[in-house]
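# Descriptive analysis of the structure
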Amino acid sequence: MKVKTPSKLEKVLAAGHFAVTSECGPPRGSDPEVVIEKANLIKDHVDVVNITDNQTSVTRMCSLAACIRLKLMGVEPVLQMVTRDRNRIALQSDILGAASFDINNILCLSGDHQSFGDCAQGQNVHDIDSMQLIQTVRHMRDEGKFLGGDDIKRPPEMFVGAAANPFADPFEIRVPRLAKKIAAGVEFIQTQCIYNLDKFEEWMKLVRERGLHEKVYILAGMTPMKSAGMARYMKNRVPGMDVPEELVKRLAGVPKKEQAQEGINICIESIQRLKEVEGVRGFHVMAIEWEEKVPEIVESTGLYPRPEVD
Amino acid sequence: MRLQYPTNIQIIRVPCTGKIDVIHVLRAFEKGADGVYAVGCMEGDCHFNSGNFRARKRIAQAKKILDTIGIGGERAQMYNLSSSEGPLFAQIASEMDEKIRKMGPNPIKLAKKKAA
Amino acid sequence: MIVADKKPIEEIIEEIKDKRKLLVLGCNECVTVCEAGGKKEVGILASALRMYFLKEGAEVKIDERTLQRQCDLEYLEEIRDVADQYDAIVSLACGVGVQFTAERYLSTPVYPGVNTCFLGANEDRGLWTERCQACGACILARTGGICPVSRCAKRVLNGPCGGSTSGKCEISKDTICAWQLIIERLKALDKLDEYEILSPIKDWSTDRAGGPRKVEREDVQQ
């Protein structure tokens, strides 16, 4: 696939390397040090760092400002943007704002429903959906035009990503849905956390059958479990998450203080297995509030050092 | 059987307790009744399948309204018994009579008297 | 139909407790069908209010009336002679009826007696569910006859989102995922291939976003 943007992530992928991405949740306050500290823990072990956009609808420092912090410290950010909180004016405006700081990656999402967060009584916007946000960014970049049709002076140069959940229902629509996102213009995919490796491999097989793995870079989402309790919570409470019972049992089978290490081991084993799956082009390691473990995971899976690209 | 029960109870016959609506209960209180109770067939034995269940829900609704306007929801009750339970009928009547006497008269009746 | 729900009586009392002549005004259409503001509910509310005021020692006259429709001028005219005799009207019609009554009778305050909820259907006894948000540009032809605007919590036009689990929406296990329904329906119609057609960005100017709307039809005007 030809490189179309100055994005480091795109260059790493185009050069045929496994990409490694991670993410940071901005703080619930205005202290920039929190972002900087988190980024420092992982910056040498990943290519780019996603900054979440008010994840689970809990109000936090805005993704754009946190992305700018990363950019200023020389770390390449992925701007996550949800369609829940902004209409098409605000979305386009924030995209231009990000582009003005040469933020070259964007992840287009619809966002969790606001009822999960701290403003359950608030309105949601959903002027456009995540699929249409992909189209919007591509239109702004490739046509150099606003949705309204006017020209953009210095259009954004963004490598456009989206999420995919191979485990959400209905399963039969999961691959057609990816095809639809590709048709909308998505260039890279970061998947939902993968714990059910068999089901993920089944999904990848269907992806390959349609040749979709050659049209989009798929990064497998990985989140190490900290404990059997977390595994059980993810299994039962988090929408769209598929955690097999064996995994919960394996974690519960070791003493409590060793469960965290067991979680890391499972994550490492999973990455090693998925590296062999055709069409998996990298890993999105989301160690939620556990960023210090990212280097260990990356190093143990042979993904370190990160390649140099220009 | 010649069972005794309080004479201050006025019986209004309906074909089925399912015929009783919230408004009937409220109107009774408006007219000065101190208490209203519906006596339906045993649950599961309704000739019209669900009449007594409906009555229970409507009594519950009336209770809520009576509580809201300060009349007291306890003044409305739902009972179930079968037609062969004469002694129980008398017992319920006494029980209700006692309960309402403890609560005192319907405050509306007092207000009406004061106004007159 | 327009689905409404009863307003708590205490809320209504709070609004009208200083009034001495009241008209409780019902509507014979949607709110009668959804058992929130028809003749029967007018009777219950009026009775409850009468008892409340009696108990408070206040002499208040409360009349009951139910019009065929409160959203039509000719029916609203039926209370022309009496409307100004009241200190207030409690309208059990939907928000449309409350406003239309207020617009016709400027000197009498009109208070809402129901909460107007949505455009919906009577799914079962005592159960009404939303079906339409009146966006003004119907897309049902493209979505298997199931509306994602009103039935998807994120009104996603290219769904389902990642939160759809076992056919249920992420907001609640009691909420069916609209996109699950759309997909099932497309399958039943043997039109699943249409799922991959991208739904374009919607023009919301015909929705609430475009400001107060009107439908003007010269062919039926006088």
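Right, let's walk through the structure included here. Everything quoted here is computed from the prediction, not taken from an experiment.

Below, the discussion takes up the packing of helix α1 (residues 22–30) of chain B against helix α2 (residues 51–68) of chain B. Residues and elements named next belong to chain B. Running from N to C, α1 and α2 point in directions that differ by 45°, and their axes come no closer than 8 Å. In terms of orientation, α1 and α2 fall into the oblique class. Where α1 crosses over α2, the two elements pack in a sense that is right-handed. Touching Val22, Val25, Leu26 and Phe29 of α1 are Arg58, Ile59, Gln61, Ala62, Ile65 and Leu66, all from α2. Residue composition of the contact of α1 with α2, grouped by class: eight nonpolar, one polar and one charged.

What follows concerns the packing of aromatic side chains. Within this structure, the stated rule accounts for eight aromatic pairs over all chains. Ring centres 5.2 Å apart and planes at 70° place the aromatic pair Tyr52 of chain C and Phe53 of chain C in the edge-to-face group. Counting every residue linked through ring pairs, the aromatic cluster contains Phe159, Phe188 and Tyr217 of chain A. Looking at Lys21 of chain C, its charged tip hangs above the ring of Tyr86 of chain C, at a distance of 5.4 Å from the centre. In this structure, Arg155 of chain C packs its charged tip against the face of Trp204 of chain C, placed 3.9 Å from the ring centre.

It is worth spelling out the sheet that holds strand β3 (residues 61–67) of chain C at this point. All names here are of chain C. Strand order in the open sheet made by the four strands is β3-β2-β4-β5, with parallel pairing throughout. Only two strands of the sheet have a single neighbouring strand rather than two, namely β3 and β5 (110–112). Neighbour to neighbour, the strand axes of the sheet diverge by 25° on average, direction disregarded. Note that strand β2 (residues 21–27) and strand β4 (residues 88–91) share four bridges and pair parallel. Within β4, the position partnered with Leu23 by the bridge is Ile89. Each of β2, β4 and β5 is contacted by helix α5 (residues 95–104), which is oriented at about 175° to β5, the strand it contacts most.

If you look at the interface, chain C gives 15 residues, while chain B gives 18 residues. Summing both sides of the interface, chain C and chain B together bury roughly 1400 Å²; the carbon and sulfur share of this comes to 68%. Looking at the side of chain C facing chain B, the largest losses of area belong to Met51, Leu54 and Lys55 of chain C, adding up to 42% of the total buried there. At the junction of chain C and chain B, the tally comes to three salt bridges. Asp21 of chain B serves as the salt-bridge partner of Lys40 of chain C, at 3.1 Å between the closest nitrogen and oxygen. Taken together, the connections running from chain C to chain B amount to four residue pairs in polar contact (both at pLDDT 80 or more). Of all the elements in the fold, those that place two or more residues in the side of chain C that touches chain B are α1 (9–16) and α3 (39–55) of chain C. For the side of chain C that touches chain B, the leading source of residues is α3 of chain C, giving ten residues. By residue class, the composition of the side of chain C that touches chain B is seven nonpolar, two polar and six charged.

It is worth spelling out unusual backbone geometry at this point. Residues Tyr304 of chain A and Pro305 of chain A are joined by a peptide bond in cis, for which omega reads 0°. Among the secondary structure elements, Pro305 of chain A is positioned in the segment after α11 (294–300). Residue Pro160 of chain C follows Gly159 of chain C across a cis peptide bond; omega there is 0°. Even without glycine at this site, Asp102 of chain A takes up a positive phi of about 55°. Here Asp102 of chain A is to be found in the loop between α4 (88–100) and β4 (105–109). A relative accessible area of 34% means that Asp102 of chain A is categorised as partly exposed. One non-glycine residue, Glu289 of chain A, lies in the positive phi region at around 50°. Mapped onto the elements of the fold, Glu289 of chain A is located in the loop between β8 (280–285) and α11.

All names here are of chain C. Contact geometry of α1 with α3 gives a least axis separation of 11 Å together with a crossing angle of 60°. By the angle between their directions, the pair α1 and α3 is classed as oblique. α3 is crossed by α1, and the crossing has right-handed handedness. Residues Ile9, Ile12, Ile13 and Ile16 of α1 pack against Leu45, Ala48, Leu49, Tyr52 and Phe53 of α3.

What follows deals with the interface of chain C and chain A. At the junction of the two partners, chain C supplies 31 residues and chain A supplies 35 residues. Here chain C packs against chain A, burying approximately 2600 Å² in sum over the two surfaces, 50% of which is carbon and sulfur. Of all residues in chain C, Glu196, Leu198 and Ile201 of chain C give up the largest surface area on contact with chain A, accounting jointly for 24% of the area buried on that side. Here Arg210 of chain A makes a salt bridge to Glu196 of chain C, at a shortest N to O gap of 2.6 Å. Our count for the chain C to chain A interface comes out at 21 residue pairs in polar contact (both at pLDDT 80 or more). Here the side of chain C that touches chain A gets three residues from one element, more than from any other, and that element is helix α7 (residues 178–188) of chain C. Within the side of chain C that touches chain A, the residues separate by chemical class into 14 nonpolar, ten polar and seven charged.

Attention shifts here to the sheet that holds strand β7 (residues 127–132) of chain C. Residue and element names in this part refer to chain C. With respect to topology, three strands assemble into an open sheet ordered β1-β6-β7, the strand pairing being antiparallel. At either end of the open sheet lies a strand with only one pairing partner, and these are β1 (2–6) and β7. Taking the axes of each pair of neighbouring strands and ignoring which way they run, one obtains an average angle of 75° across the sheet. Two strands pair when backbone bridges link them, and β1 and strand β6 (residues 114–124) are joined in this way by five bridges, in the antiparallel orientation. Across the sheet, the residue bridging to Ile2 is Leu119, located in β6.

This part takes up the pairing of strand β6 (residues 188–193) of chain A. All names here are of chain A. A large share of β6 lies buried, amounting to five of its six residues. Summarising the sheet, strand β5 (residues 159–164) and β6 pair through four bridges and their orientation is parallel. Bridged to Ala162 within β6 is Ile189. Since β5 and β6 lie parallel, the crossover through helix α6 (residues 174–184) that links them has a hand, and here it is right-handed. Pairing between β6 and strand β7 (residues 217–222): four bridges, direction parallel. Pairing of Gln190 across the sheet is with Leu219, part of β7. What joins β6 to β7 is helix α7 (residues 197–209), and the crossover it makes is right-handed.

A few words now on the arrangement of the chains. No other pair of the two pairs of chains in contact has as many contacts as chains A and C. There is a gap between chain A and chain B: no contact, and a shortest C-alpha distance of 27 Å.

Calculation rules
Residues numbered from 1 in each chain as written. Chains lettered and ligands numbered in written order. Predicted model: local features only at pLDDT ≥ 70, side-chain atom pairs only at ≥ 80, totals over all residues. Heavy atoms only, no water. Axes fitted to C-alpha atoms, helices over the stretch in contact; angles between N-to-C directions. Helix = DSSP H or I, 4+ residues; strand = E, 2+ residues; numbered from the N terminus. Parallel < 35°, antiparallel > 145°, perpendicular 65-115°, else oblique. Left-handed = near helix turned anticlockwise from the far one by under 90°. Contact = heavy atoms within 4.5 Å. Nonpolar A, V, L, I, M, F, W, Y, C, P; charged D, E, K, R; others polar. Phe/Tyr/Trp six-rings, centres within 6.5 Å; stacked < 30°, edge-to-face > 60°. Lys NZ or Arg CZ within 6 Å of the ring centre and 35° of its normal. Pairing = 2+ DSSP bridges. Buried area = accessible area lost by both parts, 1.4 Å probe. Salt bridge = Lys/Arg side-chain N within 4 Å of Asp/Glu carboxyl O. Polar contact = N/O pair within 3.5 Å; in protein donor to acceptor, adjacent residues only side chain to side chain. Buried < 20%, exposed > 50% of the residue type's maximum accessible area, 1.4 Å probe, protein only. Right-handed = clockwise from strand over helix to strand, strands pointing away.

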